[in-house]
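Examining the three-dimensional arrangement
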Amino acid sequence: MSLLQMSISAAVMIFIITVIRAIAINRLPKKTFIALWGIVLLRLLVPFTLPSPISVYSLAVRPKAGQTGSTPILNIFPSSTNAAAPAVTVTAGISPWMWVWGIGLALCILYFTIAYIRCRRQFMISRPAENDFTVKWLAEHKCRRPVSIRQTEKITAPLTYGILRPVILMPSQTDWTDTKKLKYVLAHEYVHIRRFDGVTKFLLTAALCIHWFNPLVWVMYVLANRDIELSCDEKVVRLFGETVKSAYALTLIGMEEKKSGLTPLCNHFSRNAIEERIVAIMKIKKTTVFNLAAACAVVAVIGSTFGTSAAAESVTQNLPAIEEDIVTSPDGPYASKFLPDPDIYAKYSSYGISISQDGKRLLYNGQDVRLFADEHSDGEAFYYDEAGTANLAVTRNSSGKITGVDTISEEAAQKYRSAFFGDGANSTAQVNNENEVNAAAQINSKEVAGGTKFEQYSPYGIDYISEVNIMYFKGQRVKVFIDENAGVFNAFWTDEDGTVNLSVVRDSSGQITGIETISEEKVQDYRAAAENYEQDLLNGVEEKIAERYSDK
């Protein structure tokens, strides 16, 4: 499951929970929302999920390839950011968006780390609060982790920090003789400690840093921190009885913190949302069976419908028996939709191959696969989806062991398609002639393997570097390279990072005589001509398919 998928599905849950919270914050037990935010945290931090037949995502229907308006068979003008093409930059395939996300992640981590270290340093200079009340209170509230009470002049309201050795930090001006108020305050902080709320706040911060680009995650961060405080308030009222609601609310007002900075990973009385807390305290009522049942129902429904993924459709266990693994389409064999079998593709998982959550798409490092082929007799597999972008083939050593999964050119993919769908040696004749088929495949020449197609141009100043998929002409990086002869495009190569547009010059007999630079206007004319050329080829393919399947 990709980071974006995790963030989007979590955003849906955050929106639903926010609506429920606005409606029922004072009607349901406060632990309900802690549980709901826990489900969201799982979605944000765990990159996999359980499939469920009642998941809301089971209702989403992905359009089948081959429908009107779908991606055509040939992509005549691949952009330089096409994920199916090899990386053109020296960043080892890392996209600009990954750089942006990484920078944002680093800045968020740096911000929270600095804020915490700054607060921690202030806390470390605090001194123990040793008096008769604190000694007695600690003796009465045993915990497996050593709890201490300290005080400092750096704060104006109580807070708790630390996980393994939690510390309740009190303001230096605390009135230790007001034991009634102190019992409320320390009980609140003790609930934080017993519930490991420090861990919860750490996970919330981690989710925020990872998904910083998602505004709804920021909403979750604020509301979840509020709900942690509300849940502790509710627990304190339950401990002391509903008769203490007014006194406890007044304690909150009196202990309201007057600070402007951020105190991450700490639990404290805060002026933020103080009104919401007081209203919630005054509306606390005895928990009924109905309230508990409603809370369980809300958590169960949200978790099962929004916290799970769509159940994968069942597929046959033998992909070579392909008739059982293809969703047929009236548009012909190339428009058929394959259903990848998890048992077949599991062996390729270490090479970046996976199956989408809905079980309908094969993925390569998160990218939709267009064609996948493994010709080995022990691992024969074939997959095709016209809507995909990556053409792949499995490589094996002499003993038949898998050594990798490599991207292949459109020309090689066309050969696999022709062989699989039964076109065989006649495929070239059915699309006019072999030269036209090669030209059609070479139009998508951003994936030319090894640069062999460009060797014929090297005497005229063309230098193609296959390792980084870049073409140069006399030291200049090529933006557009066109070889058109008598209406047939032998090559149409593009690189948006290039600077020079080139066209091959041929004589009346079709022999190459040189390379010339051309204007942007001329490039547009060639583009229009190439699109018409491609459409003619596609029309020929469609007529062939219609004839082949007309009797079926």
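Notes on the structure follow. (Residues numbered from 1 in each chain as written. Predicted model: local features only at pLDDT ≥ 70, side-chain atom pairs only at ≥ 80, totals over all residues. Heavy atoms only, no water.)

**Focus: the overall build of the protein**
From N to C terminus, the protein includes 15 helices and 21 strands. Taken over 552 residues, the protein has a buried fraction of 47%. Counted over contacts in the protein with a minimum sequence separation of 6, partners at least 24 positions apart contribute 61%. Counting only carbon and sulfur atoms, one obtains 57% of the accessible surface of the protein, whose full area is about 27700 Å². (Helix = DSSP H or I, 4+ residues; strand = E, 2+ residues; numbered from the N terminus. Buried < 20%, exposed > 50% of the residue type's maximum accessible area, 1.4 Å probe, protein only. Contact = heavy atoms within 4.5 Å. Areas by Shrake-Rupley, 256 points an atom, 1.4 Å probe, with all protein chains shown as cover.)

**Observations regarding the pattern of salt bridges**
In the structure shown here, the tally under the stated rule is 16 salt bridges. Glu234 serves as the salt-bridge partner of Arg238, at 3.5 Å between the closest nitrogen and oxygen. Pair noted here: Arg238 and Glu234 are both in helix H7 (residues 215–240), with a separation of four residues, about one helical turn. Glu234 sits in the buried class, given a relative accessible area of 9%. (Salt bridge = Lys/Arg side-chain N within 4 Å of Asp/Glu carboxyl O.)

**What about the environment of Val167?**
Within the secondary structure, Val167 sits in strand E5 (residues 167–171). For the pair Val167 and Gln151, spaced 16 residues apart in sequence, the C-alpha to C-alpha distance is 9.8 Å. Val167 has contacts with Ser148, Arg150, Leu159, Thr160 and Tyr161, leaving out every residue within four places of it along the chain.

**Re the packing of aromatic side chains**
Centre distance and the angle of the planes are the two values used to describe a pair of aromatic rings. Under the counting rule described, the total for this entry stands at eleven aromatic pairs. A centroid spacing of 6.0 Å and a plane angle of 50° characterise the contact between Tyr345 and Tyr348, whose relative ring orientation is tilted. Taking the relative accessible area as the measure of exposure, Tyr345 reaches 3% and is therefore buried. Centroid distance Tyr457 to Phe481: 4.8 Å. Interplanar angle 65°. Geometry classified as edge-to-face. Taken together, the positions of Tyr457 in the loop between helix H14 (434–443) and strand E16 (462–465) and Phe481 in strand E18 (residues 476–485) put the pair 24 residues apart, joining distant regions of the chain. For the residue pair Tyr457 and Phe481, the accessibility class agrees, reading buried in each case. Taken together, the ring pairs in this structure connect Tyr111, Phe112 and Tyr221 into an aromatic cluster. Against the face of Phe196 rests Arg145, its NZ or CZ located 3.8 Å from the ring centre. Above the face of the Tyr526 ring, Lys522 is positioned so that its terminal group lies 5.3 Å from the ring centre. (Phe/Tyr/Trp six-rings, centres within 6.5 Å; stacked < 30°, edge-to-face > 60°. Lys NZ or Arg CZ within 6 Å of the ring centre and 35° of its normal.)

**Looking at the environment of Arg238**
With relative accessibility at 33%, the residue Arg238 sits in the partly exposed group. Dropping the residues within four chain positions of it, Arg238 is found in contact with Ile284, Lys285, Lys286 and Thr287.

**A short note on the nonpolar core**
With 33 residues, the main nonpolar core has Phe33, Trp37, Val40, Leu44, Leu204, Met220 and Ile302 as its most contacted residues. Mapped onto this core, the elements with two or more residues apiece are helix H1 (3–24), helix H2 (31–45), helix H3 (96–124), helix H6 (197–210), H7 and helix H10 (289–305). The residues touching Trp37, leaving out its near neighbours within four places in the chain, are Ile14, Ile17, Thr18, Met220, Leu223, Ala224 and Asp227. With 23 residues, the next largest nonpolar core counts Tyr345, Tyr348, Ile353 and Val369 among its residues. (Core = buried A, V, L, I, M, F, W, Y, C linked by side-chain atoms within 4.5 Å.)

**A look at H6**
Between the first and last C-alpha of H6 there are 20 Å, a value that for 14 residues agrees with the 20 Å anticipated at 1.5 Å per step. All of the buried residues along H6 are Asp197, Gly198, Lys201, Leu204, Thr205, Ala207, Leu208 and Cys209. (Expected span 1.5 Å × (residues − 1).)

**Here's the deal with the packing of H6 against H7**
Each pair of packed helices can be described by the angle between their axes along with the distance between the axes. Between H6 and H7, the least distance of the axes is 9 Å, while the angle of their chain directions is 170°. Classified by the angle between their axes, H6 and H7 sit roughly antiparallel to one another. Side by side, H6 and H7 meet where Asp197, Thr200, Lys201, Leu204, Thr205, Ala207 and Leu208 of the first sit next to Val217, Trp218, Met220, Tyr221, Ala224, Asn225, Ile228, Glu229 and Cys232 of the second. Looking at side-chain class alone, the contact of H6 with H7 contains ten nonpolar, three polar and three charged residues. (Axes fitted to C-alpha atoms, helices over the stretch in contact; angles between N-to-C directions. Parallel < 35°, antiparallel > 145°, perpendicular 65-115°, else oblique. Nonpolar A, V, L, I, M, F, W, Y, C, P; charged D, E, K, R; others polar.)

**Remarks on the packing of H2 against H6**
Where H2 contacts H6, the axes come no closer than 10 Å and their chain directions differ by 45°. Judged by the angle between their axes, H2 and H6 are oblique. At the point where H2 passes H6, the crossing takes the left-handed sense. Judged by residue contacts, Leu41, Leu44 and Leu45 of H2 engage Leu203, Leu204, Ala206, Ala207 and Ile210 from H6. Residue composition of the contact of H2 with H6, by class: eight nonpolar, no polar and no charged. (Left-handed = near helix turned anticlockwise from the far one by under 90°.)

**Considerations on the side chain of Ser126**
In this structure, Ser126 sits in the loop between H3 and strand E2 (127–128). Only 2.6 Å separates the side chain of Ser126 from the backbone oxygen of Phe123, close enough to count as a polar contact. Residues in contact with Ser126, not counting those within four places in the same chain, are Arg150, Gln151, Thr152 and Leu169. (Polar contact = N/O pair within 3.5 Å; in protein donor to acceptor, adjacent residues only side chain to side chain.)

All quantities given are derived from atomic positions and should not be read as evidence of function.
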